[in-house]
Amino acid sequence: MTDTAIHTKGITKAYNELTAVDAIDLDIKKGELFGLLGPNGAGKTTLIGMLSTMLRPSSGNARVWGYDIRTDSTMVRKSIGVVFQDTTLDQKLTGRENLDLHGRLYGLPKKERQDRIREVLELVELSNWADETVQKYSGGMMRRLEIARGLMHHPNVLFLDEPTLGLDPQTRNHIWEYIKQLNQEKNITMVLTTHYMEEADQLCNRIAIIDHGKIVTMGTPHEMKSSLGGDMITLELSPEDDTSKLKNRYVEKTGNENISISENKLRITATNGERAIPEILKITSELGLEILSVNLHKPTLDDVFLHHTGKDIRDTSSEGGSIKRTGRMHRRRR
Ligand code: ADP
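For the structure given in this document, a descriptive report is provided here. Here the structure is a predicted model, which is why all the values come from computation and not from measurement.

## Remarks on the packing of helix H4 (residues 110-123) against helix H5 (residues 139-151)
Phase 1 of the analysis: Following both chains from N to C, one finds H4 and H5 inclined at 140°, their axes separated by 9 Å at the closest point. Taken together, H4 and H5 sit at an angle that is classed as oblique. The hand of the H4/H5 crossing is right-handed. The residues of H5 that touch H4, namely those facing Arg116, Val120, Leu121 and Leu123, are Leu145, Ala148 and Leu151.
Phase 2 of the analysis: A class-by-class count of the residues in the contact of H4 with H5 yields six nonpolar, no polar and one charged.

Listed below in structure tokens is the structure:
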């Protein structure tokens with residue numbers, strides 16, 4: 001018995017000139033909580049669409065729970081649950097009725113349906129709301145009901161497309177707990193897409209970072225962040241200043257070439273950020289440059305993304321401390 005839940009080989013989806021998913025090779029193990037992290041438009045939903053047999057690949061192929069997505073789609077569908085980005089619940093039906101409908105679609109006999117509905121509602125703590133119409137539910141409750149629905153037919157793999165999109169931080173944390181619990185206690189293989197790096201970081205055992213339909217890098221969140229090799233320092237200089245001057249002098253003095261410039265920002269990776277900052281400030285002062293802000297933090301997945309793609313995922317969450325000073329810090333023109 002193989003321990004692979006999902007195996008893809010060169011899976012590709014092209015829409016005219018646009019290649020939404022570009023020859024992705026991926027192996028996800030049974031029991032993993034796997035994250036597809038990437039900005040909007042990266043190709044995450046399209047990949048899930050193909051793996052869940054909603055979309056046909058243009059080329060390449062995949063196996064889900066051992067079944068070929070092209071030739072064995074019925075078995076693939078029986079093995080998976082899908083929680084879509086947009087709600088597909090019937091607002092006029094009650095929670096119980098929505099689940100019952102899903103159970104019927106999967107051919108579950110009446111008694112089994114009733115038992116399973118009770119079980120999944122308990123799991124997502126919605127038993128007391130079972131007979132209310134969905135239109136009375138909050139956004140978080142709807143998402144929980146959708147997760148419950150995805151679990152009705154005992155799937156081996158659950159796909160969650162942006163499971164916490166649009167939810168407030170507290171509800172998001174709540175949903176994270178359910179996802180972890182289902183993965184750990186019920187041993188369900190989970191594949192989730194997200195553009196929230198914090199979500200991928202907190203939840204997933206392993207992550208593939210996706211951009212323009214390709215996997216940019218893959219690994220555990222810890223591996224990815226450690227691969228950057230130290231603390232991240234970002235310095236924002238006055239737009240009038242020549243940032244490359246600081247870069248060149250810093251490299252000359254420290255031998256650390258792990259430094260990049262984008263516009264008036266300098267990003268340095270240093271083994272010990274706290275020690276590196278005074279050194280940088282000294283050089284800045286010697287050169288008579290003006291620093292607008294300094295930020296020091298432990299590497300985040302956003303830094304990993306930036307390192308591999310040269311751009312931000314554009315997530316507002318951040319980790320670590322920040323020293324932000326506006327106005328003049330070191331200004332000594334020669
Ligand atoms: P993500 O889920 O990472 O936000 P998507 O998989 O939704 O990304 O989209 C990937 C790319 O494919 C985007 O550029 C999107 O506009 C394009 N795309 C998705 N579906 C279609 C479609 N049906 N027709 C044309 N282009 C599409």
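## Observations concerning the site of the ligand
Phase 1 of the analysis: Every residue lining the ligand is accounted for by Tyr15, Leu18, Ala20, Pro39, Asn40, Gly41, Ala42, Gly43, Lys44, Thr45 and Thr46.
Phase 2 of the analysis: One of the backbone nitrogen or oxygen atoms of glycine 41 is found 2.7 Å away from an oxygen atom of the ligand.
Phase 3 of the analysis: Bound to the protein, the ligand loses 59% of the 560 Å² it would expose on its own.
Phase 4 of the analysis: Those elements that place two or more of their residues in the shell around the ligand are strand E2 (18-29) and helix H1 (44-51).
Phase 5 of the analysis: Sorting elements by how many residues they give to the shell around the ligand places H1 first, with three residues.
Phase 6 of the analysis: Among the residues making up the shell around the ligand, the classes are represented as five nonpolar, five polar and one charged.

Analysis parameters
- Here the residue numbers are simple positions, counted from 1 along each chain's written sequence.
- Given that the model is predicted, a residue must reach a pLDDT of at least 70 before its local features are reported, and side-chain atom pairs must reach 80 or more before they are shown or counted; all residues, however, enter totals for whole chains, interfaces and linings.
- Side-chain numbers here rest on the full set of heavy atoms in the structure, without hydrogens or water.
- Every axis in this analysis is a line fitted to C-alpha atoms, fitted for helices over the stretch in contact. Angles between the N-to-C directions lie between 0 and 180 degrees.
- For helices the rule is a DSSP run of H or I covering at least 4 residues; for strands it is a run of E covering at least 2, with both sets numbered from the N terminus onward.
- Angle categories: roughly parallel below 35 degrees, roughly antiparallel above 145, roughly perpendicular from 65 to 115, and oblique for all the rest.
- Handedness of each helix crossing follows the sense of rotation of the near helix against the far helix: counterclockwise by less than a right angle gives left-handed, clockwise gives right-handed.
- For this analysis, residues touch if any pair of their heavy atoms sits within 4.5 Å.
- Residues are sorted three ways: Asp, Glu, Lys and Arg are charged, Ala, Val, Leu, Ile, Met, Phe, Trp, Tyr, Cys and Pro are nonpolar, and all the rest, Gly among them, are polar.
- Think of it this way: one heavy atom of a residue within 4 Å of a molecule or strand is enough to make that residue near it.
- Side-chain atoms alone can form a polar contact between residues adjacent in sequence; in general such a contact is a pair of N or O atoms within 3.5 Å, and within protein one must be able to donate a hydrogen while the other accepts it.
- Each accessible area value is a Shrake-Rupley result obtained with a 1.4 Å probe; residue values ignore everything except the protein chains displayed when judging cover.

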